[in-house]
Amino acid sequence: MRKFLFITLLFISNTLALAQTELKGVMGIYFLSVPSMQDYINQSGLASSNNQLEGFVSSVEFAVEGGFFLSKSFEITLEAAYQIYSFTDVKPQGKDELSFNNLMPSLMGYYVLSGDGYNFKFGGGIGVRFVSVDETRNTSVAKTNYSSVGFGTILRIEGNTLLGGNIYANIGADIRYDVNGEPENAQGKNLVNIIQNENVNFNTLSIGVRLGITYIIGRND
């Protein structure tokens, strides 16, 4: 049994060592729909009447991704993305702020169509979500942090075009849905929308485009 496990691990290690590998860094602009957060900001006094949130808000996302090709037409990767959104409303009595940040590691799988100096990829993935929400009210300079753990899914299409050597320009588009749950503070208390008498959740639908650089190592014959 031990010999079998050793041979299996050796085979997997050699396969990965010989496989074509990919490293990627990207930045994206996303439009988020977070209905519960939107209601809370608009109804709790965070937003003035002339500064109400619309159905979608814009955010920035940074991501790094690395993986390997199991075959010429299939790739598996691990992505770590960080999504940033912030709302600020300045009033005569002070400034109200709410920031919503999401660390999003995901396991991804892609179907790959390759050509001379380019490839197209279609895929998706799933992963854990680590949410951090900071709220500052104008009545206090203290910042309150709320956090939660959730999960999310991604659908993605992207292309890579050779710039030179092993470096490619990357462009892609995503649709994400993240079940981020109801963040709590250190005392175990949630953000509460008193108008609707319910805890605020940060479940999010996001649509975005990404630009970046891909570095591909090895051949994929």
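For the structure, check the block above.
Residues numbered from 1 in each chain as written. Predicted model: local features only at pLDDT ≥ 70, side-chain atom pairs only at ≥ 80, totals over all residues. Heavy atoms only, no water.

### Thoughts on the overall build of the protein chain
Argument step 1. Along the protein chain, the regular secondary structure elements total 2 helices and 10 strands.
Argument step 2. Reading the helices (α) and strands (β) of the protein chain from amino to carboxyl end gives α-β-α-β-β-β-β-β-β-β-β-β.
Argument step 3. In terms of C-alpha radius of gyration, the protein chain reaches 21 Å, well past the compact-globule figure of 17 Å for 221 residues.
Argument step 4. Counting the 221 residues in the protein chain, one finds 40% classified as buried.
Argument step 5. Across the protein chain, the fraction of contacts at a sequence separation of at least 24, relative to all contacts at a separation of at least 6, is 68%.
Argument step 6. Within the structure as shown, the protein chain displays about 11900 Å² of accessible surface, and the carbon and sulfur contribution to it stands at 64%.
Argument step 7. Looking at charge distribution, the protein chain has the averaged site of its 15 positive side-chain charges lying 9 Å from that of its 20 negative ones. (Helix = DSSP H or I, 4+ residues; strand = E, 2+ residues; numbered from the N terminus. Rg over C-alpha atoms; globule rule 2.2 N^0.38 Å. Buried < 20%, exposed > 50% of the residue type's maximum accessible area, 1.4 Å probe, protein only. Contact = heavy atoms within 4.5 Å. Areas by Shrake-Rupley, 256 points an atom, 1.4 Å probe, with all protein chains shown as cover. Lys, Arg positive; Asp, Glu negative; His and termini not counted. Charge placed at Lys NZ, Arg CZ, Asp CG, Glu CD.)

### Focus: the sheet that holds strand 10 (residues 204-217)
Argument step 1. An order of 1-2-3-4-5-6-7-10 is seen for the 8 strands of this closed barrel, with the pairing classed as antiparallel. Going across the sheet, the axis of each strand differs from the next one's by a mean of 20°, ignoring polarity.
Argument step 2. Where strand 4 (residues 94-115) meets strand 5 (residues 118-136), 17 bridges bridge the pair, whose relative direction is antiparallel. Of the residues in strand 5, the one forming a bridge with Asn102 is Val131.
Argument step 3. Along the sheet face, helix 2 (residues 35-43) touches strand 1 (21-33), strand 3 (74-91), strand 4 and strand 5 and points at about 165° away from the line of strand 4. (Pairing = 2+ DSSP bridges. Axes fitted to C-alpha atoms, helices over the stretch in contact; angles between N-to-C directions.)

### A short note on the environment of Glu22
Argument step 1. Here Glu22 shows up in strand 1.
Argument step 2. Judged by relative accessible area, Glu22 falls into the buried class, the value being 2%.
Argument step 3. Placed 176 residues apart in sequence, Glu22 and Glu198 show a C-alpha to C-alpha distance of 45 Å.
Argument step 4. Not counting residues up to four positions away in its chain, the partners in contact with Glu22 are Glu65, Gly66, Gly67, Phe69, Glu75, Lys121, Asn160, Thr214, Tyr215 and Ile216.
Argument step 5. Of note is the side chain of Glu22, whose polar atom sits 2.8 Å from the side chain of Lys121. (Polar contact = N/O pair within 3.5 Å; in protein donor to acceptor, adjacent residues only side chain to side chain.)

### So, the pairing of strand 7 (residues 167-179)
Argument step 1. Judged by which residues are buried, strand 7 turns out to be one-sided: Tyr168, Asn170, Gly172, Asp174, Arg176 and Asp178 face inward and are buried, whereas Ile167, Ala169, Ile171, Ala173, Ile175, Tyr177 and Val179, on the alternate face, are not.
Argument step 2. Sheet topology note: the strand 6 (residues 143-164)/strand 7 ladder contains 13 bridges and is antiparallel. Counterpart to Ile157 in the pairing with strand 7 is Ala173.
Argument step 3. Between the end of strand 6 and the start of strand 7, which pair antiparallel, lie 2 residues, with Gly165 showing a positive phi angle near 65°.
Argument step 4. Both strand 7 and strand 10 contribute to a ladder of 12 bridges, which runs antiparallel. Note that in strand 10 the partner of Arg176 across the bridge is Ser206.

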